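Examination of the molecular architecture
What follows is each chain in one-letter form.
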Amino acid sequence: MAEQFLGFDLSTQQLKGIIVGSDLKLIHEAKVDFDADFSRYGIEKGVLTNPAEGEVFAPVALFLEAIDLVLQRLKDQGADFSKVQGISGAGMQHGTVFWSQDAEKLLGGLDGGKTLLEQLEGAFSHPFSPNWQDASTQKQCEAFDAALGDARKLAEATGSKAHHRFSGPQILRFHNKHPDVYKATSRISLVSSFLASIFLGKVAPMDISDVCGANLWDIENGCWQEDLLALAAGGSEGVQDLTSKLGDVPQDGGASFGIISTYFSKRYGFPSSTEIIAFTGDNPSTMLALPLRSSDAMVSLGTSTTFLMSTSQYKPDPAYHFMNHPTTAGLYMFMLCYKNGGLAREHIRDAINKSTTSSDAKSWESFNDLATSTPVLGQDAPSDPTRLALYFPRPEIVPSVKAGTWRFLYDTKTHTLSDAKPDDKTWPLTADARAILESQFLSLRLRSQSLVEPQGDLPAQPRRIYLVGGGAVNPAIAELAGQVLGGSDGVYKLEIGGNACALGAAYKAAWGVQRRSGEGFEDFLEERWNEEGFVQRICEGYRKGVWEKYGDALEGFALVEGRAVREKGEGVEGKEERR
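Residues numbered from 1 in each chain as written. Predicted model: local features only at pLDDT ≥ 70, side-chain atom pairs only at ≥ 80, totals over all residues. Heavy atoms only, no water.

Per an unreviewed UniProt entry, the recorded name for the chain is Xylulose kinase, and the organism is Dothidotthia symphoricarpi CBS 119687. Per UniProt, the chain carries the Function (unreviewed entry) text "Highly specific D-xylulose kinase which participates in the catabolism of xylose. Xylose is a major component of hemicelluloses such as xylan. Most fungi utilize D-xylose via three enzymatic reactions, xylose reductase (XR), xylitol dehydrogenase (XDH), and xylulokinase, to form xylulose 5-phosphate, which enters pentose phosphate pathway." (UniProt positions renumbered as here; feature names shortened; annotations may be inferred.)

Pasting the structure below:
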């Protein structure tokens, strides 16, 4: 019997389930759209809100209904669950679920003739799961940043400074707001480990990568950070209780948590031997959708921008995120999140089209022509100053700054900036097309430059640049990505539609079940993965001379960001890209 593997993606607005074969080819996929299928919960875009307190949350009951419904839809398509040997999944990062004292008993005694919702509503001490968009924890974030000295020390320990959505600040606020409910809580799960728990029939451990989105895990020492636990628990006397609520964290990202709950065998026909492999967060799972080697980078070009890279170097900073790699010990996942991505590019495109009276206001033709025909950094001659700019129609996270636009001329000899006003000479409107792309990719290069490695005889840079998302189809964006970021093997477009996260989970399940002793995830995946079906090389990466010229501009670009922060002050904390 050919083995099959099931992967899930539980995001803010939907639950997706996909099945792949041993060759990793897609066999079935189904999804549940929360707004369309469960409007009776009163949700909008998958969540409920309390604007007065900045709260954003989702009913856990909705998740339970979605699990049964997506499995039924897969079955209606003809899925044969008796062939499924392994299950893994992904959940939106930073969401939390609070289990009641009856959770283990209820999870372990499910009746296959009834739905999950009919049997598990009493399994939760709190009916809602705080969502990653929640912004109610400003005071708690300030306390976390101060707990170890400052935000930098917190990032050094946990991989990130404090963020509104992170589970540690969320637990602290929950403890303060609902002390009796907190006391009645037996376990606390992330969304990913909640989903694993349902299939396992008991509360599952948190994943070694997803746990890094809590501001509670000491990454280098591989354990809970006791000072931060004491903060979240309301004092040192609560550390043991909170540690018990959070549970142990297995170090092996491919570990089997055990076999599937009898509920799913009886109700849907899964083999009793089906293994539940560690579920992880949505961003780590997305990275598992291809064999990403150390120094390979994935750039998601949506409304906002997310940059993911696998690296063996742990160099945390408050400006970005580090997490343990979801499958490979000794590697880390480096992540940057920007609010201003596609929207900022579209603003420039629209202004250019308006000035040229383009017949199609949404056409990228003029923008692309200008971006690729304008000289590097706007320099017609080597002695000319370089053009450097920032375009933030929304408040930005990296750097943390309010909305605004900044244009400067930078003298690489004197390392000085001078203000540039939009005009016909020093900064024509047409210059913005190239400048905005350079700006976005220079920010990625500035923050990742110490993490990449030399590629053969070439200087340290990414090996491959993988572009995903709506912007990946734009040839000018790909061209500038290669010129600024490099890429010794080139720039690639990754075409796996909206399935990257669920595919990564399914691949993780296959690896967890089928791996040979000592076989790493990347080797396992590369042996079976059909690159021709998913990846297209679209342009060169490293260009000798051009890449170096952008390197010379990085110091000036850092000065530009510094000016923006001083002039506009820090912005409101932003949100991550997908979910």
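Another point: the confidence of the model for the chain. Summarising the model, the chain shows a mean pLDDT of 93, and 98% of its residues fall at 70 or more. Segment residues 572-579: pLDDT under 50, and 38 contacts once partners within four positions in sequence are set aside and those in other chains are kept. (pLDDT = per-residue confidence, 0-100. Contact = heavy atoms within 4.5 Å.)

Bringing the sheet that holds strand β20 (residues 404-411) into the picture now. Pairing is antiparallel in the open sheet, where 3 strands are placed in the order β19-β20-β21. The open sheet terminates on both sides in strands that have one partner only, identified here as β19 (386-392) and β21 (416-419). Across this sheet, the average inter-strand angle for adjacent strands is 30°, counted without regard to direction. Here β20 runs beside β21; their pairing, made up of 4 bridges, is antiparallel. Looking across to β21, one finds that Y410 is bridged to L417. Its contacts with the sheet place helix α21 (residues 546-568) against β19, β20 and β21, and it is angled at close to 140° to β20. (Pairing = 2+ DSSP bridges. Helix = DSSP H or I, 4+ residues; strand = E, 2+ residues; numbered from the N terminus. Axes fitted to C-alpha atoms, helices over the stretch in contact; angles between N-to-C directions.)

What follows deals with helix α14 (residues 342-355). Side chains three or four residues apart in an α-helix point the same way, a direct result of the helix having 3.6 residues per turn. Across its 14 residues, α14 extends 20 Å between first and last C-alpha, which sits within 8% of the 20 Å expected from 1.5 Å per residue. For α14, every residue scored as buried is listed here: G342, A344, R345, I348, R349, I352 and N353. Looking at the buried positions of α14, the neighbouring elements they touch are β15 (297-301), β16 (305-311), α15 (365-373), β19, α16 (431-448) and α17 (475-485). (Expected span 1.5 Å × (residues − 1). Buried < 20%, exposed > 50% of the residue type's maximum accessible area, 1.4 Å probe, protein only.)

To continue, consider unusual backbone geometry. In this chain, V398 is followed by P399 through a cis amide linkage whose omega measures -5°. Within the secondary structure, P399 is located in the loop between β19 and β20. Even without a glycine there, the phi angle at S295 is positive, about 80°. Following the sequence through the fold, S295 ends up in the loop between α13 (282-287) and β15.

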